[in-house]
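Read off the chains here:
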Amino acid sequence: MKSALITGINGQDGSYLAELLLKKGYEVHGTLKRNSIPENQTARLQHIYPQIKNNLHHADMCDMSSLLSVVQASQPDEIYNLAAQSHVRVSFDQPIYTLDTIARGTLNLLEVVRLTGTYSKLYQASSSEMFGNSIDDDGFQRETTPMNPVSPYACAKLCAYNLMRCYRESYDMFTTNGILFNHESPRRGGSFVTNKIVMGAVKIKTGHATSLALGNLDSTRDWGHAKDYVKVMWQLLQLSKPGDYVCATGMSHSVREFCEATFSKLGMDYRDYVTKDVRFLRPTELNDLKGSTEKLASVIDLNFEYTFDTMIDEMIEYWMERYTRW
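Please read all numbers here as calculations on a predicted model, not as lab measurements.

(A) Molecular detail of the overall build of the chain. In terms of helices and strands, the chain carries 11 helices and 13 strands. Referenced to the eigenvectors of the C-alpha coordinate spread, the extents of the chain come out at roughly 60 × 50 × 40 Å. Burial statistics for the chain: of 326 residues in total, 56% are counted as buried. Here the analysis covers contacts within the chain between residues at least 6 apart in sequence; of these, 79% occur between residues at least 24 apart. On the chain, roughly 14400 Å² of surface is accessible, and the fraction owed to carbon and sulfur atoms is 48%. Put simply, the chain has 34 plus and 38 minus side-chain charges, and the middle of one group is 4 Å from the middle of the other.

Below, the structure written as structure tokens:
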């Protein structure tokens, strides 16, 4: 039986990845950052909680000693580093904390693996935000596109990305970066724009709200489903060699288009309800993201289960079930 450690197991990606690994027969360990309301910490894990409850460990990416304890206890064959302060807009308000959890946290984990000689394969959750507003002539971003981050979050992710590459080349460690473009699901946090749109539209439809305030409606993103993308994470650690890979759908949609699709599925016109609020604008905007998976498709079988529309359908169904009960 293989053992895997997922930092940030209680997040959107961590919960889907834990499900996948359990189905594949792994012994799954995960880290949780202590919360004063522990009931909320494992909300995304309740359906698999009996299988992992004894393998959940309190740890902090900024506390190397806690990571050392977890690695020694779990002896993982594979480590998936998904823990982070992951909200781009919040990173402008908390830049030091964001850099600490992502950049220094990744370095702490790399050092634990190196110094203990555990020979674990490491996956790092890199981000399309690292590209900033750099776009190749064909309109795509790929592994060779210059990276010019425009947020503290993206700067931190780029530092962690380069640390993974550095340790791979310097110490012959199996360190792989998955440069994941935006990926969503019903488990996405409510402060992220996609779930904010779906939840807001459902609240309006069910009479729980009358309007929805958003930021920039014209930025475009390449949106996939988290369930599809965690499968890619696992596939990358099954390869014989580590590397850096973009994971995306190759199609982009604007926030406005996401609003239009969501509201229309509920029989409404988003223009009647969506307002613009400058509080949700970033100091520096990232305008367009669209990823090329040419390199990724050359090493693994890309067979995504979800489309843009079916992803939104699932998110609507999730929130409709909840708001119609209230």
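(B) Structural view of the pattern of salt bridges. Taken as a whole and assessed by the stated rule, the structure comprises 17 salt bridges. Between E78 and K2 there is a salt bridge, and its shortest N-O distance comes to 3.4 Å. One end of the pair, E78, is in strand 4 (residues 78–81); the other, K2, is in the segment before strand 1 (3–7), and 76 residues separate them in sequence. In this structure E78 comes out as buried when scored by relative accessible area, which is 1%. What makes K2 partly exposed here is its relative accessible area of 37%. Here D100 ties to R104 by a salt bridge, and the two come within 3.5 Å at their closest N and O atoms. A residue pair is termed a helical-turn pair when its members lie 3 or 4 positions apart in one helix, as D100 and R104 do in helix 5 (residues 95–116) at four residues. Given the relative accessible area of 24%, D100 is considered partly exposed. Residue R104 is classed as partly exposed on the basis of its relative accessible area of 37%.

(C) Focus on helix 5. The terminal C-alpha atoms of helix 5, which comprises 22 residues, lie 31 Å apart, in line with the 32 Å expected from a rise of 1.5 Å per residue. When the local axis directions of helix 5 are compared, the greatest deviation, roughly 30°, occurs at G105. Restricting attention to buried positions, one finds in helix 5 the residues T98, T101, I102, A103, G105, T106, N108, L109, L110, E111, V112 and V113.

(D) Structural detail: the pairing of strand 1. Among the five residues of strand 1, five are classified as buried, and the element is accordingly described as predominantly covered. Judged by which residues are buried, strand 1 turns out to be covered on both faces: S3, L5 and T7 on one side and A4 and I6 on the other are all buried. In the sheet, strand 1 pairs with strand 2 (residues 27–32) via five bridges, with the strands oriented parallel. Among the inter-strand pairings, I6 is bridged to a residue of strand 2, identified as G30. Of the crossover connections in this fold, the one passing from strand 1 over helix 1 (residues 12–23) to the parallel strand 2 is right-handed. Alignment of strand 1 against strand 4, held across four bridges, turns out to be parallel. Paired with I6 across the two strands is Y80, which belongs to strand 4.

(E) Broad picture of helix 8 (residues 226–237). Its 12 residues give helix 8 an end-to-end C-alpha distance of 17 Å, which sits within 8% of 16 Å, the value for a rise of 1.5 Å per residue. Across the 12 residues that make up helix 8, a large majority, 10, are buried. Where helix 8 is concerned, the buried positions are A226, D228, Y229, V230, V232, M233, W234, Q235, L236 and L237.

(F) Quick peek at the packing of aromatic side chains. The full count for this structure, using the stated rule, is 10 aromatic pairs. Between Y80 and Y123 the ring centres are 6.2 Å apart and the planes differ by 40°, which places this aromatic pair in the tilted class. Taken as a pair, Y80 in strand 4 and Y123 in strand 5 (residues 121–127) lie far apart in primary sequence, 43 residues in all. Assigned by exposure class, Y80 and Y123 land together as buried.

(G) Highlighting empty space enclosed by the protein. All chains considered together, the criterion is met by one cavity of 30 Å³ or more. The calculated volume of the largest cavity comes to roughly 50 Å³. Lining the largest cavity, in full, are D228, K231, V232, Q235, D301, L302, N303 and F304. Per-class residue counts for the lining of the largest cavity are three nonpolar, two polar and three charged.

The rules we used
Residues numbered from 1 in each chain as written. Predicted model: local features only at pLDDT ≥ 70, side-chain atom pairs only at ≥ 80, totals over all residues. Heavy atoms only, no water. Helix = DSSP H or I, 4+ residues; strand = E, 2+ residues; numbered from the N terminus. Buried < 20%, exposed > 50% of the residue type's maximum accessible area, 1.4 Å probe, protein only. Contact = heavy atoms within 4.5 Å. Areas by Shrake-Rupley, 256 points an atom, 1.4 Å probe, with all protein chains shown as cover. Lys, Arg positive; Asp, Glu negative; His and termini not counted. Charge placed at Lys NZ, Arg CZ, Asp CG, Glu CD. Salt bridge = Lys/Arg side-chain N within 4 Å of Asp/Glu carboxyl O. Expected span 1.5 Å × (residues − 1). Bend = angle between axes of the 7 residues up to and from the residue. Pairing = 2+ DSSP bridges. Right-handed = clockwise from strand over helix to strand, strands pointing away. Phe/Tyr/Trp six-rings, centres within 6.5 Å; stacked < 30°, edge-to-face > 60°. 1 Å grid on protein atoms, 1.4 Å probe; cavity = no way out; pocket = protein on both sides within 12 Å on 5 of 7 lines; lining within 4 Å. Points joined across faces, edges and corners; volume = space filled by probe spheres on them. Nonpolar A, V, L, I, M, F, W, Y, C, P; charged D, E, K, R; others polar.

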